Amino acid sequence: MAATFLASCAADQPNLENSRRDITVAAETAPAGSILPAHITSVLPRVLPSFVTMVVSEPRQPLSKSIGMPRGVSSGSGFVVDKAGHVVTAAHVAYGVRYSVRARASNGRIFNGIVVALKPDNDMGLINIRSLHAPAVIPAASPCLKPGQAVFSLGKPHAQGDTARIGSVKFMHFGRKVRYGRFGYPDAIVLKMATRRGESGGPVFNADGELVGMVVSTLSRGGRPLNLAHAIPLPPLARFYCAQANCGPRWRKLAAMTTSNCR
């Protein structure tokens, strides 16, 4: 697949506003017989509380005490992984250790946090927002997904509202390394999904609302979107998270797994 990779991050950063969140269900690339928007709407109340959007700023720039947010270095999406307020996102969104984060939770409230860890070579970042008491995602027991399997993501494309995007698994493996600047990843799940800038770091769920991956990039060719995206699978996410924090039993099991046998 000859394509250009666009990291779905920085560019035009949004202002975060302390207001109620509404979410749009988009199904541009959903195959026939896939999860229906009505099903996603029924699952959303379970998964939406774990979803956050964020703007990241340099450590030396104090966070504004006003509702508005000063222009940051990056923005994107993320998801809560434990009761301690740890949030996983893409490394190119988190940008740098000790960078300041202003995150908007599913209830519309704004919280301050800090980047605590990065793994640029697998595009993963960990943020801590201690005052964020939100339910954590539930990871799937197996990291393997089947081609054609229906999935959906949560993200906030720039200049648009929060979006639940329905798609499907195209391939479990991309088969080669991807680099963009100082970030990249050795392999990724290929999704048939029309993600946009701003959705990096967003969670990917199966039809049961279990976490199966994290969006990291949107694919295009000659500037034209291919309606394909890359997602980091569960085992590297689990190894990264468990190396930095006190993770739960399911995360520890996933950290010991691999996707090499997934087809």
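Below you will find a few notes about this structure.

How each quantity is defined
Residues numbered from 1 in each chain as written. Predicted model: local features only at pLDDT ≥ 70, side-chain atom pairs only at ≥ 80, totals over all residues. Heavy atoms only, no water. Helix = DSSP H or I, 4+ residues; strand = E, 2+ residues; numbered from the N terminus. Buried < 20%, exposed > 50% of the residue type's maximum accessible area, 1.4 Å probe, protein only. Contact = heavy atoms within 4.5 Å. Areas by Shrake-Rupley, 256 points an atom, 1.4 Å probe, with all protein chains shown as cover. Disulfide = S-S within 2.5 Å. Arc of directions from axis to C-beta. Salt bridge = Lys/Arg side-chain N within 4 Å of Asp/Glu carboxyl O. Pairing = 2+ DSSP bridges. Axes fitted to C-alpha atoms, helices over the stretch in contact; angles between N-to-C directions. Core = buried A, V, L, I, M, F, W, Y, C linked by side-chain atoms within 4.5 Å. Phe/Tyr/Trp six-rings, centres within 6.5 Å; stacked < 30°, edge-to-face > 60°. Lys NZ or Arg CZ within 6 Å of the ring centre and 35° of its normal.

**Some details on the overall build of the protein**
From N to C terminus, the protein includes four helices and 16 strands. Looking at the protein as a whole, 55% of its 263 residues qualify as buried. Considering only contacts in the protein between residues 6 or more positions apart, those separated by 24 or more positions represent 68%. Carbon and sulfur atoms form 53% of the exposed surface of the protein, whose accessible area is close to 11200 Å².

**Some words on the environment of Gly78**
Relative to the assigned elements, Gly78 resides in strand β4 (residues 74-80). In this structure, the C-alpha to C-alpha distance between Gly78 and Met54, residues 24 residues apart in sequence, is 7.7 Å.

**What about the state of the cysteines?**
What is meant by a disulfide is a covalent connection between two cysteines, made through their sulfur atoms. According to the stated counting rule, one finds two disulfides in the structure shown. A sulfur-sulfur distance of 1.9 Å marks the disulfide that ties Cys144 to Cys262. Sign of the S-S torsion, about -70° for the bond between Cys144 and Cys262, identifies this disulfide as left-handed. One end of the pair, Cys144, is in the loop between β8 (124-128) and β9 (150-155); the other, Cys262, is in the segment after α4 (249-255), and 118 residues separate them in sequence. The exposure class assigned to Cys262 is buried, which follows from its relative accessible area of 1%. Two residues share a disulfide in this structure: Cys242 and Cys247, whose sulfurs sit 2.1 Å from each other. The disulfide joining Cys242 to Cys247 has a torsion of about 110° about its S-S bond and is therefore right-handed. By relative accessible area, Cys242 is classed as partly exposed at 22%. Cys247 sits in the buried class, given a relative accessible area of 5%. When the cysteines engaged in disulfides are numbered in sequence order, the protein pairs them as 1-4, 2-3.

**Section: helix α1 (residues 37-47)**
Every buried residue of α1 is listed here: Ile40, Val43, Leu44 and Val47. Buried positions in α1, seen along its axis, are confined to an arc of 125° and lie on one side of it. Opposite its buried face, α1 presents the exposed residues Ala38, Ser42 and Pro45, each directed more than 90 degrees away. Its buried side turned inward, α1 meets β2 (23-26), β3 (51-57), β9, β10 (162-171) and β14 (203-206).

**What to know about the pattern of salt bridges**
Following the criterion strictly, the structure yields three salt bridges and no others. Residues Arg165 and Glu199 are paired through a salt bridge, measuring 2.7 Å at the closest nitrogen-oxygen approach. You can see Arg165 sitting in strand β10 and its partner Glu199 sitting in the loop between β13 (189-192) and β14, a full 34 residues away along the chain. A residue is classified by how much of its surface remains accessible, and Glu199, at 1% relative accessible area, is buried.

**Describing the sheet that holds β4**
Taken together, six strands build a closed barrel; the order of strands is β3-β4-β5-β8-β7-β6 and the barrel is antiparallel. Going across the sheet, the axis of each strand differs from the next one's by a mean of 40°, ignoring polarity. Of the pairings in the sheet, the one linking β3 to strand β6 (residues 100-104) comprises five bridges and is antiparallel in character. In the strand pairing of β6, Ser57 is matched with Ser100. Here helix α3 (residues 234-244) sits on the sheet and contacts β5 (86-89), β7 (110-119) and β8; the angle it forms with β8, its principal contact strand, is near 40°.

**Remarks on the nonpolar core**
As a rule of thumb, nonpolar side chains are buried together in soluble globular proteins. Judged by nonpolar contacts, the single largest core of 73 residues is most densely connected at Met54, Leu132, Phe152 and Met214. For Leu132, the residues in contact, after removing those within four places along its chain, are Val52, Val80, Gly85, Val87, Ala105 and Phe111.

**As for the packing of aromatic side chains**
Taken as a whole and assessed by the stated rule, the structure comprises five aromatic pairs. Plain terms: the ring middles of Tyr180 and Tyr185 are 6.0 Å apart, the flat faces sit at 65° to each other, and that makes the pair edge-to-face. When sorted by exposure, Tyr180 lands in the same class as Tyr185, which is buried. Note on Tyr241 and Trp251: the rings are 5.4 Å apart at their centroids and 80° apart in plane angle, and the pair reads as edge-to-face. Residue Tyr241 is located in helix α3, and its partner Trp251 is located in helix α4; the two are separated by ten residues in the primary sequence. Trp251 matches Tyr241 in its accessibility class, with the two residues each being buried. Grouped by ring-pair contacts, the aromatic residues Tyr95, Tyr99 and Phe183 constitute a single cluster. Between the NZ or CZ atom of Arg182 and the centre of the ring of Tyr95, over which it lies, the distance is 5.0 Å.

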